[in-house]
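What follows is each chain in one-letter form.
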Amino acid sequence: MKAIICTKYGPPEVLQLKEVEKPKPKDNEVLIIIHATTVHIGDTKIRSLNPGLGFVKDLLVKTIMRIIIGFTGPRRKILGMELAGEIEATGKEVNLFKKGDQVFAATEMRFGAYAEYTCLPEDGVLAIKPAI
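Residues numbered from 1 in each chain as written. Predicted model: local features only at pLDDT ≥ 70, side-chain atom pairs only at ≥ 80, totals over all residues. Heavy atoms only, no water.

Draft legend 1. Representation of the overall build of the protein chain in the model. Helix and strand counts for the protein chain come out as two helices and seven strands. Helices (α) and strands (β) of the protein chain occur, in sequence order from the N terminus, as β-β-β-α-α-β-β-β-β. Taken over the C-alpha atoms alone, the protein chain extends approximately 50 × 30 × 25 Å along its principal axes. Per-residue burial for the protein chain yields a buried fraction of 39% across its 132 residues. A separation threshold of at least 6 residues defines the contact pool for the protein chain, and within that pool the share at least 24 residues apart is 68%. Roughly 7,900 Å² of accessible area belongs to the protein chain as shown, and the carbon and sulfur atoms make up 61% of that amount. (Helix = DSSP H or I, 4+ residues; strand = E, 2+ residues; numbered from the N terminus. Buried < 20%, exposed > 50% of the residue type's maximum accessible area, 1.4 Å probe, protein only. Contact = heavy atoms within 4.5 Å. Areas by Shrake-Rupley, 256 points an atom, 1.4 Å probe, with all protein chains shown as cover.)

Structure below.
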């Protein structure tokens, strides 16, 4: 599958379109084919490692971010925090969703929405899209 990969911190030019392995859902997860995502302010702050709080606060926040997210670049290379898509497959313990369900979700700090597919836990921030 194709995904936008972030291997180091910096401007938008550090993002690269790459071919990566399609994820497989764990027993409690759903596999979602992503139809739409957002360019979330959180993604841009993580990618640029620029919290925009002022010099002293930025220095402290950048240090904490590097410890949590990754020292030279994000540990989770596929950013993206919000998505809309369709359930393509479910793990064997999933009861709330079925193949074909139209959903929207927030990946939170799992990231992964800048790709064609992602897996999310059934009990994550995931809901059926309302009918129009």
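Now that the structure has been shown, we can carry on.
Draft legend 2. Inspection of the sheet that holds strand 6 (residues 117–121) at higher detail. Read across the open sheet, the five strands follow the order 6-3-4-5-7; overall the sheet is antiparallel. Both edges of this open sheet fall to strand 6 and strand 7 (125–128), since each of them pairs with a single strand only. Going across the sheet, the axis of each strand differs from the next one's by a mean of 40°, ignoring polarity. Bridging between strand 3 (residues 29–37) and strand 6 involves five bridges; their strand directions are antiparallel. Within strand 6, the residue paired with isoleucine 33 across the bridge is tyrosine 117. (Pairing = 2+ DSSP bridges. Axes fitted to C-alpha atoms, helices over the stretch in contact; angles between N-to-C directions.)

Draft legend 3. Highlighting the environment of lysine 62. Within the secondary structure, lysine 62 sits in helix 2 (residues 55–69). Residue classification places lysine 62 among the partly exposed positions, given a relative accessible area of 30%. Sequence spacing of lysine 62 and isoleucine 46 is 16 residues, and the spatial spacing of their C-alpha atoms is 9.4 Å.

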